[in-house]
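Spelled out from the first residue to the last, the chains are:
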Amino acid sequence: MSNSCEKAYITTPIYYVNDIAHIGHAYTTIIADTLARYSRLSGLETFFLTGTDEHGQKIEEAAKKRGESTQAYADKISATFKDLWDDFDISYDKFIRTTDEDHMKGVQKAFSTMHKNGDIYKDTYKGHYCISCETFFPSIQLVDDEFCPECGKSTTIVEEESYFFKLSAYEDKLLKWYDENPDCILPRSKRNEVIRFVEGGLQDLSITRTSFDWGVKLPADMNDPKHVMYVWLDALMNYVTALGYGTDDANMDFWPARVQLIGKDILRFHAIYWPAFLMSLGLPLPKHIAAHGWWTRDGEKMSKSKGNVVNPKEVADAYGLDNFRYFMLREVPFGGDGDFSQKALIDRINSDLGNDLGNLLNRVIGMSGKYFDGKVDSSQVAKYYQAELDEVHASLNKLEPLLFEMQIHRYLEELWRPLTVANKAIDMYQPWTLMKEGKEEEAMALNGLIAAILAKVSVMLYPVMPEVCTKISNALHFSIDNENWTKLAKGTELLAPFTLEKIDPLFPRIEEPLLTQIEPEDKVSKEDEPKIEKKKDLKEIEGIAYIGIDQFFQTSLKVGTVVQAEEVPKSKKLLLLQVDVGEDEPRQVVAGIKEWYSADDMLNTQVCVVANLKPAKLMGLVSQGMLLAAKDENGLCMIRPEKPKTAGTPIG
Ligand code: ME8
């Protein structure tokens, strides 16, 4: 997608007010927020819309069940969505409600226009209606002649007078649109699904109901007061009524939308009905409709009855909002389904965020403080580290298209490459060695390189992690704005000299799940329980002393890179190693492995280090860690990661 349009309009679906928000809703909104923040940062005039969908039989019934008036009930639930997004600092420009007066006027205007254009006629609808999906289904699509093919719930037979939209007349025009705009529906695999569906033939769509009245009335000139609009016609129109369609047109110059985000469950409405409605109204079609996958909980669909719904606020409060945002966007390829587990979230925080990103900032703080009185100066970086800069800029240049092709997980993956370049540069050039050798300018340039990489990464990471990146930019004395997006992230400029102060660690390590109450219920059925007990007894008889997972996590195991290795004079057994475990300076480790490994064998290899052992002295040398190894009658071998890992990566 090109960056040529000067305005960017980003939308989320509007959420039904029959239930409160869960992580699925938060996911859609966070992706949209990320795109909106990026658009603003890149200098586009941006309008970001979200809101609530409040009409229809489903909402009327939900209110009735609770003994509340429908409007009062809708007000209450709509406010919970708005409060949550405010709490999450979602940067929406408008929060629309389908009960807003202006919206309802706009929908009536749309109905009149479609009618005038000859796309609406009156007939009788006879068929099956699923209240839960607010959808009509022809009998051939039902399961066992009764049940909804989407949600499996029982459908109701409806026979009533209805107005119809001539959807069948748009079949060819829709197929032409899909054909001429290969990225109109993302991911592309979803576009193919839609094309197959449309090629199967489209039936005209019933767009009014008479059996209930919680909805937008037909325009007065239709003179048919017993009809209310079909909830999907009402709801889809929000994307233009929010811009003033049908009232003052105030922001209609934002239309067509740059990206309309939805979940895959509502693709048909957005990829078929919505463009057909727009064509009938003579409005341009959105640039991209992007459908993401489904979040499940420990492999199961989330539902209240199963008690496995993940509350996004609880997760964000416990783990940090930005960490949660990063996790959701990094964990699952866009379009694929994702499974929420605290373990996966903790792994991302400790590894990608703590180890790769946070630790890098600690290293700059450490280096600057120790060697340069806190000063960071990038002026000599190009003299010593041009190759590293080139690699970093090559990665940064790949980013923007990935974001707007909805390859957000790949955007983040690519954004992590500069961090790897930075971590590798420290391991390779070793500032402590440069300082020992008196190469102060080179060491300062290395420090400047790392700070510049952190700055560039945090500009591009800002749309995903706004709070954390603002902290990094404050520490590095620059601001995240369009000017620095142009200079630092898109361009090749580095940071102006500054003095760095220590800041609190951004990602304190998380040792165990922080939310016990959202862990799944014990899924062991009664029948299975005795068998499991029995196994445990057997193990106890065999003499195994069990420890809990919390005891295991008390040991800090890390990947280390041996950056220096030498023999300990007069010792047959000991090697003296300097091992980089992702801290300011390498750890000194005295290892009893000389019988099996020479110093040369160990140099530049990776090892597994027990990193929180009390320092010990061996032959007068302090050892600040222990290496994992396995020994049998054939000798000893080191335990190493199977593939190279960044120094300091936690093991567990
Ligand atoms: O469909 N995983 O509203 P809705 C991922 N009002 N995303 C999920 C999800 C899950 N488990 N559950 C919900 C409606 N979502 C209509 C939309 S638009 C004109 C009208 C997300 O409250 C996903 O984006 O059922 C889905 O499309 C949206 O919430 C639907 O929310």
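Remember, predicted model here, so these are calculated numbers, not experimental data. For every chain, the first residue of the written sequence is number 1, and numbering continues from 1 along that sequence. Local features are withheld for residues below a pLDDT of 70 in this predicted model, meaning they are given only at 70 or higher, and side-chain atom pairs are given and counted only at 80 or more; totals for whole chains, interfaces and linings count all residues. Side-chain measures here rest on the full set of heavy atoms in the structure, leaving out hydrogens and waters.

Each axis is a line fitted through C-alpha atoms, taken for helices only over the stretch in contact, and angles between the N-to-C directions span 0 to 180 degrees. The helix and strand labels rest on DSSP assignments: H or I over at least four residues marks a helix, E over at least two residues marks a strand, and numbering proceeds from the N terminus. Close contact between helix H17 (residues 440-461) and helix H19 (residues 482-490) brings their axes to 9 Å; oriented N to C, the two are set at 125°. Between H17 and H19, the interaxial angle falls into the category oblique. You can see that H17 and H19 cross each other, and the crossing is left-handed. Here Ala 455, Lys 456, Val 459 and Met 460 of H17 lie close against H19, whose contacting residues are Asn 484, Trp 485, Leu 488 and Ala 489. Counted by class, the contact of H17 with H19 contains six nonpolar, one polar and one charged residues. Oblique is the label for every angle not falling under 35 degrees (roughly parallel), over 145 degrees (roughly antiparallel), or within 65 to 115 degrees (roughly perpendicular). Left-handed describes a crossing whose near helix is turned anticlockwise from the far helix through less than a right angle; right-handed describes the clockwise counterpart. Residues are treated as being in contact if the distance between any of their heavy atoms lies within 4.5 Å. Amino acid classes used here: Ala, Val, Leu, Ile, Met, Phe, Trp, Tyr, Cys and Pro are nonpolar; Asp, Glu, Lys and Arg are charged; the rest, including Gly, are polar.

In this analysis, strands are considered paired if DSSP registers two or more bridges between them. Both strand E18 (residues 557-567) and strand E21 (residues 606-610) contribute to a ladder of five bridges, which runs antiparallel. In the sheet register, Val 559 faces E21, and the bridge partner there is Cys 608. Looking at chain direction, E18 and strand E27 (residues 650-651) are connected through two bridges and run antiparallel. Bridge pairing in E27 places Leu 557 opposite Ile 651.

Before going further, it helps to examine helix H10 (residues 312-319). Throughout this description, buried means an accessible area under 20% of the type-specific maximum (1.4 Å probe, protein chains only), exposed means over 50%, and partly exposed covers the range between. What H10 keeps buried is the set Pro 312, Val 315, Ala 316 and Tyr 319. Looking down the long axis of H10, one finds its buried residues gathered within 95° of arc, a one-sided arrangement. On its buried face, H10 sits against helix H1 (23-41), helix H3 (70-87), helix H11 (321-331), strand E15 (338-340) and helix H12 (342-372). Distance and chemistry together define a polar contact, namely a pair of N or O atoms within 3.5 Å, with one atom able to donate a hydrogen and the other to accept it when in protein, and with adjacent residues in sequence counting only for side-chain atoms on both sides. Of the residues that open H10, the one with a side-chain oxygen 2.9 Å from the backbone nitrogen of Lys 313 is Asn 311. Where H10 ends, the next residue or the one after it, Gly 320, has phi of about 100°, a positive value. When we speak of the arc, we mean the arc of directions from the helix axis to the C-beta atoms.

The next point concerns the site of the ligand. Any residue with at least one heavy atom within 4 Å of a molecule or strand is counted as near it. Close contacts around the ligand come from 24 residues, with Ile 14, Tyr 16, Thr 28, Asp 53 and Trp 295 the closest. Between Ile 14 and the ligand, the recorded distance is 2.8 Å, taken from a backbone N or O atom to a nitrogen atom. Within the complex, 94% of the 670 Å² of free accessible area of the ligand lies under protein. Contributions of two or more residues to the shell around the ligand are made by strand E1 (7-16), H1, helix H7 (231-236), helix H8 (238-241) and strand E11 (259-263). Ranked by residues supplied to the shell around the ligand, first place goes to E1 with four residues. Considered class by class, the residues forming the shell around the ligand number 13 nonpolar, nine polar and two charged. A 1.4 Å probe and the Shrake-Rupley method give the accessible areas. Residues count as covered only by the protein chains that appear here.

Within the open sheet, the three strands sit side by side as E14-E13-E15. Their pairing is mixed. Pairing within the sheet leaves two strands with one partner each, and these edge strands are strand E14 (300-301) and E15. Alignment of strand E13 (residues 295-297) against E14, held across two bridges, turns out to be antiparallel. Each bridged residue has a counterpart across the sheet, and for Arg 297 the counterpart in E14 is Glu 300.

Picture the strands of a sheet paired through backbone hydrogen bonds; they go either parallel or antiparallel. On the basis of which strands lie adjacent, the open sheet formed by four strands has the order E5-E4-E6-E8 and antiparallel pairing. Since the sheet does not close on itself, it has two edges, and those belong to strand E5 (135-137) and strand E8 (205-206), each with one partner. Pairing of strand E4 (residues 120-130) with strand E6 (residues 156-165), which is carried by ten bridges, proceeds in the antiparallel orientation. Directly across from Tyr 125, in E6, lies its bridge partner Glu 160.

The subject of this paragraph is the environment of Glu 193. As for its placement among the helices and strands, Glu 193 is situated in helix H6 (residues 188-199). You can call Glu 193 partly exposed: its relative accessible area is 42%.

Turning next to the nonpolar core. The nonpolar side chains of soluble globular proteins are, as a tendency, buried together. In this structure, Tyr 9, Trp 85, Phe 165, Tyr 178, Trp 255, Leu 415 and Leu 476 are the most contacted members of the largest nonpolar core, which totals 189 residues. By residue number, the principal contributor to this core is H17, which donates 14 residues. With residues near it in sequence (within four places) discarded, Tyr 9 still touches Phe 47, Leu 49, Tyr 239, Ala 242, Leu 243, Phe 254, Trp 255, Ala 257, Arg 258 and Val 259. In this text, buried Ala, Val, Leu, Ile, Met, Phe, Trp, Tyr and Cys residues form a nonpolar core when linked through side-chain atoms within 4.5 Å. Counting 16 residues, the second-largest nonpolar core is a separate cluster that includes Val 579, Tyr 597, Ala 599 and Leu 636.

Moving on, we get to the packing of H11 against helix H15 (residues 408-429). Axis separation between H11 and H15 bottoms out at 7 Å; the angle between their running directions is 110°. Of the possible angle classes, the one that applies to H11 and H15 is roughly perpendicular. Within the contact between the two elements, H11 uses Tyr 326, Leu 329 and Arg 330 and H15 uses Ile 408, His 409, Leu 412, Glu 413 and Trp 416. For the contact of H11 with H15, the per-class residue count stands at five nonpolar, one polar and two charged.

All right, on to the confidence of the model for the protein chain then. Confidence scores per residue from the predictor, reported as pLDDT, run from 0 to 100. Per-residue confidence for the protein chain gives a mean pLDDT of 90, with 94% of residues at or over 70. Segment residues 519-544: pLDDT under 50, and eleven contacts once partners within four positions in sequence are set aside and those in other chains are kept.

Mapped onto the elements of the fold, Gly 152 is located in the loop between E5 and E6. In this structure, the C-alpha to C-alpha distance between Gly 152 and Cys 130, residues 22 residues apart in sequence, is 9.3 Å.

Looking now at the pattern of salt bridges. Salt bridge criterion: a side-chain nitrogen from Lys or Arg within 4 Å of a carboxyl oxygen from Asp or Glu. Taken as a whole, this structure holds 36 salt bridges when the rule is applied. Put simply, Asp 33 and Arg 37 hold a salt bridge, and the shortest N to O gap is 2.8 Å. One end of the pair, Asp 33, and the other, Arg 37, are both in helix H1, four residues apart, so they sit about a helical turn from each other. Assessed through its relative accessible area of 9%, Arg 37 is described here as buried. One salt bridge in this structure joins Arg 348 and Asp 352, with 2.9 Å as the shortest N-O distance. In this pair, Arg 348 and Asp 352 are both assigned in helix H12, four residues apart and thus about one turn of the helix distant. Like Asp 352, Arg 348 is buried.

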